[in-house]
Structure formats: C-alpha cells, structure tokens
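Reading the structure
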Amino acid sequence: MTGLRVTRLQLSHFRSHKRAEVAADTRPIAIFGPNGAGKTNLLEAVSLLSPGRGLRRAGAEDLVRRPEALGWRIFADVTAGRQTHEIVTGAEAGQSRSVQLDGKTVTQTALANVLRVLWLVPAMDRLWIEGAEGRRRFLDRATLSFVPGHAEAALRYDKAMRERNRLLKDMVRDAHWYAALEGRMAEAGAQVQANRAATVAALMAAQQDAATAFPTATLSLIEGGDDVQGADALKEAFAAGRARDLAAGRTLLGPHRTDLDAVFADKGTLARDCSTGEQKALLISLILANARALIAQDGQPPILLLDEVAAHLDAARRAALYDEICALGAQAWMTGTEAQLFEALGDRGQYLQVTEADGASAVEGAL
Amino acid sequence: MVDGTDDLTDLIALMAKLPGLGPRSARRAVLHLIKKRGQLLVPLADAMQRVGANVRECLNCGNIAAGDICNICNDDRRANGEICVVEDVADLWAMERSQQFKGRYHVLGGTLSALDAVGPEDLRIPRLLDRVTSENVTEVILALGATIDGHTTAHYIADQLTGVTVTSLAQGVPVGGELDYLDDGTITAALRARRAL
Ligand SMILES: Nc1ncnc2c1ncn2[C@@H]1O[C@H](COP(=O)(O)OP(=O)(O)OP(=O)(O)O)[C@@H](O)[C@H]1O
Ligand SMILES: [Mg+2]
Ligand SMILES: [Zn+2]
C-alpha cells in the first residue's frame, strides 16, 4: 500500500504538548483520552501540514505552548506514493509561521502540492445553519485538495479586493485605479469560481452509485448578483457595482460572497432543515466522496482528520464509517474520549492514548 | 561620560538602520572604521558628504543623478522613443547590467498600493504620461514585478496610454533554470508565453 500518510509526527512546545512523538503506519489512527488531554491539539498539528491556519484557524501566537512561549515546531515525515518528504513548520516567539520542505524554506501554499488534508471538527456541526463563510471555507478546503493552485488564486483575489476596499473606504474616485484592480480581481476570481465549480462536480460524481451508508448531498453553488461568472462578467459587474460599493465601503459582489447549498437528496430537504445527526452525516458523506474523488484523480486518498466524529453517530453508522475509511485506505486521525468508541475498528486501526500529567500532554501507543 | 561616546552611539544607531546590518554588525563596522581611520573613515565621510551635496533624483525620470538630470536622460546616443518603466533604481541597474536596452527609463519609486497609501501622484505616473507625449515615445516597456501590486500598476499605466505600443517583460523559466524547481505560477506563465521554435 503506498497511500498518503504521516509516518512520524514530532511536536515541540506546540499547545499542550511539550514534547510528543508519534510513529504511524497507513492504518487509521484512533486517539482516545479524557477531556482536555490534548487529542484535538494532535489533529491540529497534522492540519498545519497543509496551507492556512489549521483546523482551529489559530494564529501562530496561539499555538505556542504557554506559559513558556518559546516558539513551537512540528516535524513530520510524510510518504506520498513512492516519495517521502520531511516537513518542518513552526514559529519563533512573536513571529509568523514558516515552512521547510525537505530542508528548503517554502511558502505555505507549496504544502498543497505534497499532501491533501481534509477535516471535520465539532465546530462544523453547525456548518449548514450558520453563515456562508464556514461553508465557503469547507468548499475551499475541498477545492484545494483537487487543485493545489487554488490557495494562490484565492490569495491573489483577496489581495486585490482588499486594495479595492481601501479605495472604496477612502472614497478614491480614480476610475483607472479601480479598473486595474478589478481586472486582477476578475482574473483571479474567475479561476477561484472555476476551481470551485469543478470541485462541486467532482463531489457530485463521487457520490453517484457509491457504496456508502451515508446520505447523498446534492450541492449547488450560489454566486451573488445575477449569477455572475467568468472573468469578463466579473469585471463588468465590479465596474457596474462601484457606486453601490462606494456607499457600502466594501465590495458586495464576487467569489468572496459565494455560498454552497446542500440538499439531503433522498428526502429533498435542505441541509439546514435536517436533524443534527443527519447534518453531520451529510458532512461525512462529502468528506468520503472527496476522498473517493481524490483516489480517482491522484491514485491516493487524502489524510482525514475527524475530531470527535463518533459523537453524533449511532453504533451502526460508526461501524459503517470505519469500514468505509478502511476500504479507502485513508490515514484517518480520529479522536474520542473512550477507547470503546473505536471497538468496531478493531485491529484495522492503530491506537494512541493521550493523557495530561504535570501540565503537559503525554502521548503513548496503546492496544 | 567619555568624550565622543554620544557621537559613536549615534553613528552605530544610524549604521544599524542600513539594509543587511543590525546593532551587532553596526558596532563591528564602526570599530573597523575607527581602526582604519586614514584608509576608510575619512574617505568614506568625504564621499558621503559629496554624495549628500550632489546626488538627487533626476527631475525627468527619477533615476539617481549628480545634478538635476541623470546621465541616461542626458545621453544623446540613447534612443528616444522607448521608455522602460521600472519600480526602483535597483531594477534600473539590473536592466543596465544586461546592456540590452538602449532607450530611456522611468523610475516609479514603488507600486500602487491603496493599503500602503501609495497613489499615482507618489509614483511619478503623471510625469510619465507627460514624457510619453513630449518625447515622442512609440513604445513603453513595463518592467514591473509579477505581484498583484506590480500587475495593478502596469494595467493602471497601460490603461492611460493611447497611441503607443505598451509591452511588458515576459515571465517564465529563468535562463539555466530547471522546470522541476519552478512553482506552478511560473510554469503557467511560461506556458502562456510559449513561442514556436
Ligand atoms: N497554547 C497553549 N499552551 C498550553 N496549553 C494549551 C494551549 N492551547 C491549548 N492548551 C490546552 O490544551 C489542552 C488540551 O486541548 P485539546 O483541545 O487538545 O483537548 P482534547 O483532548 O481534544 O479534549 P476534548 O476531549 O475536551 O476535546 C486544553 O486543556 C487547553 O487548555
Ligand atoms: Mg478535542
Ligand atoms: Zn533621468
């Protein structure tokens, strides 16, 4: 088996972990231990092997272990296909995060070329109910897994938009300046839209005829305005919206406002009207579909981080989830307070017990 | 306090503001200067005095000049009709090192950035537009960085130039570069700018 996996993870002064080392193989990793032990912190460390602020969207200064505040480091050995990579990421006290890939300093976005990481955390339980921002972020994470260049395009769009927003706030009236920025926004924005649309199509296709215990989610993208899409239409819409945006002091239309709509297909119910457990099942379904689509695209599954995934699932659904993860061959990092939650996984998984002692987390292999 | 100590502290503090120097390396540099009083310290002070008195920005193009107008603007062997627009003097020097460009320059002194409060007037853009008419310019080459701000500035300028050819430098594989080491953006740009052999 040559699936994508983290084979070694070492943490130094990261959150509650003073020093921790984990060796792992391809099997799913079940992490158990009491509340506050440091389980989610482990998953967060793995999430930082991908571009961005990780699964808690934390700043570099939140990640450093207190009270020492010495700076933090994550070392990871990653195997992707036949290649192995060494990733080091961390920050000195008071500085922003840096990344080294195989000994060379690289930008965070370069990590997207090496490994795909997808996650579900309890904070996403309300994803379908709360604002569009969370759904957009979920969609962009999925998109990044298919199109590594997505982060770059999104950053370019965002930078040009922030420039334009400043012009709007300062009530600048230089039409050429707006046009120059709107051109950059339209170019990058059209790429962002196309990447997302391809992702939604891939997720839909991967749910069709899939052997899964989880419900199909029918997805659609909602662009603002009159469904403005493509570079030319965006550029026109930005220019046409200047007066309105000037009044608002910010850009009101564009891919930064896109929303993702989901319907529980079998029932025809909007995701936001589904039960708590059904909403969670839809998210799991999408993560699994994402993994299947990536296997079809790259030949290997992504790394999955499933924080307290067992919480809203009954025993049968839990067993079905473990079966599907094992069938995918994905290295899934899962947490739960009790070892029993992973009973159905049996020896198809590897186990870590996390406890808290003397103000620091302790991680040990367990059976 | 020992005589001259305050002056030394001031000098070290100033040196530490130079690019590439910090307080530690500034102290070392100052001690070295004092040790080499005749060979370094006095000649350096003289040179700085002269540069401080004479060198300023060329009124025409923004290059560094030893008077009102720089050598490049004054050189009548250089072709009128082509202006190469660069961000700063370091970029102008880089272009000159290649000895390929025989036209004139225009140094913006930065790129447009609303967030950093840099606007068109801060960048000699009105002056550039004047020059294009008064110097009978036929081609403007935009040699700006491949950043969002660089692109925005290039489009801002191009938007306002009519009746002249506007070009920009090609982006892509560096000479002697290996594809394996290039990022996706560079490869995409290089592919877009491909040409027939
Ligand atoms: N920067 C930090 N420095 C030191 N400790 C921290 C830091 N950030 C978080 N912690 C601590 O880490 C501990 C473990 O957090 P974590 O979220 O990993 O627990 P958990 O095992 O997932 O618990 P639960 O089962 O409740 O989800 C918490 O007690 C928290 O206070
Ligand atoms: Mg937790
Ligand atoms: Zn000049």
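Quantities reported herein were computed from a predicted structural model and do not represent experimental measurements.

**Describing the UniProt feature "domain: Toprim" (unreviewed entry) in chain B**
When the UniProt feature table is mapped onto this chain, "domain: Toprim" (unreviewed entry) is found at residues 81-174 of chain B. A distance of 28 Å separates the end C-alpha atoms of residues 81-174 of chain B, which is 34% helix and 19% strand.

**Side note on the UniProt feature "zinc finger region: C4-type" (unreviewed entry) in chain B**
UniProt's entry tags residues 58-73 of chain B with the feature "zinc finger region: C4-type" (unreviewed entry), counted in the numbering of this structure. Helix makes up 19% of residues 58-73 of chain B and strand 12%, and the two end C-alpha atoms of the span are 8 Å apart.

**Let's talk about the environment of Gly110 of chain B**
Residue and element names in this part refer to chain B. Considering the arrangement of structural elements, one finds Gly110 in the loop between β4 (104-107) and α6 (125-134). Judged by the 15 C-beta atoms lying within 10 Å of it, Gly110 is partly exposed. Spatially, the C-alpha atom of Gly110 lies 29 Å from that of Leu44, the residues being 66 residues apart in sequence. Excluding residues that lie within four positions of it along the chain, Gly110 makes contacts with Glu87, Val118, Asp122 and Leu123.

**What to know about the pairing of strand β6 (residues 98-101) of chain A**
All names here are of chain A. Here strand β5 (residues 83-92) runs beside β6; their pairing, made up of four bridges, is antiparallel. Opposite Val88, over in β6, you have Gln100 as the bridge partner. The turn joining β5 and β6, which pair antiparallel and follow one another in sequence, is formed by five residues; a positive phi near 75 degrees is taken by Gly94. Relative to strand β7 (residues 104-106), β6 runs antiparallel, the two being bridged by three bridges. Across the sheet, Leu101 pairs through a bridge with Lys104, a residue of β7. Adjacent in sequence and paired antiparallel, β6 and β7 are bridged by two residues, among which Asp102 carries a positive phi angle near 50 degrees.

**Observations regarding the interface of chain B and chain A**
Listed by partner, the interface residues are 14 residues for chain B and 19 residues for chain A. Breaking the side of chain B that touches chain A down by element, the ones donating at least two residues are α7 (148-160) and α8 (184-192) of chain B. For the side of chain B that touches chain A, the element with the most residues is α7 of chain B, which contributes seven residues. When the residues that make up the side of chain B that touches chain A are grouped by side-chain class, the tally is six nonpolar, six polar and two charged.

**Quick look at the sheet that holds strand β4 (residues 71-80) of chain A**
Residues and elements named next belong to chain A. On the basis of which strands lie adjacent, the open sheet formed by six strands has the order β2-β1-β4-β5-β6-β7 and antiparallel pairing. Sheet topology places β2 (17-23) and β7 at the edges, where each strand pairs with a single neighbour. Between one strand axis and the next, the sheet turns through 20 degrees on average, direction left out of account. Here six bridges tie strand β1 (residues 5-14) to β2, and the two strands are oriented antiparallel to one another. Bridge assignment links Phe14 to a residue of β2, and that residue is His17. Together, β1, β2 and β4 form the strand contacts of helix α1 (residues 39-47), whose direction differs from that of β1 by roughly 115 degrees.

**Considering the UniProt feature "domain: AAA+ ATPase" (unreviewed entry) in chain A**
Sequence positions flagged by UniProt for "domain: AAA+ ATPase" (unreviewed entry) are, in local numbering, residues 25-355 of chain A. Strand forms 19% of residues 25-355 of chain A and helix 42%; the C-alpha atoms that close the span are 22 Å apart.

**Details of the UniProt feature "binding site: ATP" (unreviewed entry) in chain A**
Residues and elements named next belong to chain A. UniProt feature "binding site: ATP" (unreviewed entry): in the numbering of this structure it lies at Gly33, Pro34, Asn35, Gly36, Ala37, Gly38, Lys39 and Thr40. Along the polypeptide, Pro34 turns up in the loop between β3 (29-32) and α1. The topology assignment puts Asn35 in the loop between β3 and α1. Accessibility expressed as a C-beta count within 10 Å gives 7 for Asn35, which makes it exposed.

**A look at the pairing of β3 of chain A**
All names here are of chain A. Neither face of β3 is exposed, since Ile29 and Ile31 on one face and Ala30 and Phe32 on the opposite face are all buried. Examined bridge by bridge, β3 and strand β13 (residues 332-336) share four bridges and lie parallel to one another. Paired with Ile29 across the strands is Trp333, a residue of β13. By the bridge criterion, four bridges tie β3 to strand β14 (residues 350-357) in an arrangement that is parallel. Note on β14: the bridge partner recorded for Ile29 is Gln350.

Criteria and thresholds
Residues numbered from 1 in each chain as written. Chains lettered and ligands numbered in written order. Predicted model: local features only at pLDDT ≥ 70, side-chain atom pairs only at ≥ 80, totals over all residues. UniProt positions renumbered as here; feature names shortened; annotations may be inferred. Helix = DSSP H or I, 4+ residues; strand = E, 2+ residues; numbered from the N terminus. Buried ≥ 20, exposed ≤ 12 C-beta atoms within 10 Å, placed from the backbone. Contact = placed C-beta atoms within 7 Å. Pairing = 2+ DSSP bridges. Nonpolar A, V, L, I, M, F, W, Y, C, P; charged D, E, K, R; others polar. Axes fitted to C-alpha atoms, helices over the stretch in contact; angles between N-to-C directions.

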